[in-house]
Amino acid sequence: MPQIGIITGVKTEEQALAPVMGHPDAPYVRLSGARTARAVAGVEALIALGVDGILSFGSAGAASPDMKPGDLLVAGSVIDPAGSEHPTSKPWTDVLCQALGVNPVRIAGVDKVADAAAKSRLCSAHGVSAIDMESHIMAILAARANMPFAVLRAIVDPVDFTMPDYVLDTVRPDGSISFLPVLAGLCLQPMSLGRLLDLNRYNKLAMGSLSGAARTLGPGFGFFAL
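Definitions and limits used
- Residues numbered from 1 in each chain as written.
- Predicted model: local features only at pLDDT ≥ 70, side-chain atom pairs only at ≥ 80, totals over all residues.
- Heavy atoms only, no water.
- Helix = DSSP H or I, 4+ residues; strand = E, 2+ residues; numbered from the N terminus.
- Rg over C-alpha atoms; globule rule 2.2 N^0.38 Å.
- Buried < 20%, exposed > 50% of the residue type's maximum accessible area, 1.4 Å probe, protein only.
- Contact = heavy atoms within 4.5 Å.
- Areas by Shrake-Rupley, 256 points an atom, 1.4 Å probe, with all protein chains shown as cover.
- Lys, Arg positive; Asp, Glu negative; His and termini not counted.
- Charge placed at Lys NZ, Arg CZ, Asp CG, Glu CD.
- Arc of directions from axis to C-beta.
- Pairing = 2+ DSSP bridges.
- Polar contact = N/O pair within 3.5 Å; in protein donor to acceptor, adjacent residues only side chain to side chain.
- Phe/Tyr/Trp six-rings, centres within 6.5 Å; stacked < 30°, edge-to-face > 60°.

Colleague: I tried to follow the overall build of the protein chain on my own but got confused; where do I start?
Modeller: Helix and strand counts for the protein chain stand at 8 helices and 8 strands. A compact globule built from 226 residues should have a C-alpha radius of gyration of about 17 Å, and the protein chain, at 16 Å, falls within 12% of that. Residue burial in the protein chain is summarised as follows: out of 226 residues, 52% are buried. Expressed as a percentage of contacts within the protein chain between residues at least 6 apart in sequence, the contacts between residues at least 24 apart total 75%. Put simply, the protein chain shows about 10000 Å² of open surface, and 57% of that area lies on carbon and sulfur atoms. Of the side-chain charges in the protein chain, 17 are positive and 20 negative, and the distance between the mean point of each set is 3 Å.

Colleague: I tried to follow helix H7 (residues 180–188) on my own but got confused; where do I start?
Modeller: Counting along an α-helix, one turn takes 3.6 residues, and residues three or four places apart therefore face a common direction. By the burial criterion, the buried members of H7 are Pro 181, Val 182 and Gly 185. Projection of H7 onto a plane perpendicular to its axis shows the buried side chains occupying an angular sector of 100°, all on one side. Exposed residues lying more than 90 degrees from the buried face of H7 are Leu 180, Leu 183 and Cys 187. The inward-facing, buried residues of H7 contact helix H8 (193–217).

Colleague: When you look at the pairing of strand S2 (residues 28–31) in this model, what are you seeing that I'm missing?
Modeller: Note on strand geometry: in a regular strand, side chains alternate between the two faces of the sheet. Here S2 shows a clear split, with Val 29 and Leu 31 buried on one side and none of Tyr 28 and Arg 30 buried on the other. The pairing of strand S1 (residues 4–8) with S2 spans 4 bridges and is classified as parallel. Along S2, the bridge assignment pairs Ile 7 with Arg 30.

Colleague: What's the story with the side chain of Gln 3 in this structure? I'm lost.
Modeller: On the secondary structure map, Gln 3 appears in the segment before S1. At a separation of 2.8 Å, a polar atom in the side chain of Gln 3 contacts the main-chain carbonyl oxygen of Ala 26. Beyond its immediate sequence surroundings of up to four residues, Gln 3 is in contact with Asp 25, Ala 26, Pro 27, Tyr 28, Val 51, Asp 52 and Gly 53.

Colleague: How should the packing of aromatic side chains be read in this particular structure?
Modeller: For any pair of aromatic rings, geometry is given as the distance between the ring centres together with the angle between the planes. Tallied over the entire structure, the rule returns 3 aromatic pairs. Relative to Phe 223, the ring of Trp 92 has its centre 4.9 Å away and its plane inclined at 70°; by these criteria the two rings are edge-to-face. A residue pair is termed long-range when its members are at least 10 positions apart, and Trp 92 in helix H4 (residues 90–100) and Phe 223 in the segment after H8 qualify at 131 residues. Across the pair, exposure class does not vary: Trp 92 and Phe 223 are buried alike. A centroid spacing of 5.6 Å and a plane angle of 80° characterise the contact between Phe 161 and Tyr 202, whose relative ring orientation is edge-to-face.

Structure follows, in structure tokens:
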């Protein structure tokens, strides 16, 4: 049976994989902790394990106003920070799109969380629908290893949303979340509470969509159907 690997960012995204993780053919999973170097190490580890394909899975930020919190997306290609485009595996992407009832979109990879203005600029420059922090690294390394790759993400923040800056400090290297930066940030920026509550609601929508997609697709995430 083929074996896939999954690169994702944080433990809440990993938890969305729960519907398939008890299966004998469950994917291997590596977390980036929202750090470029750890994303590189995670993808390289999956390649070294000899997986047959790699899936970028987790949350994304909307770059297009057409994308709303909780929307699932499957990427037909990934734009890296240098502007190069990396097509995903078409057969795998087609299976994902058909199973989830979506059309493929273009996604951009970024090395740090983007604010509303930066997301809009990426949409204008490259026609991308969303951004994330792992897909471009996976695309570059998987293509170099001649390995099929695909992207399945769910939107958290809408295009006009900028995260409170202290949220960026909450992710530990292992992908777990520290709440101390949140408490400190709220003390310094009490007016940001509304945005923080919105972000929590958006994240719950996205994780629910990802968990449902995992349940629909099964442990092979469409790769076994190829």
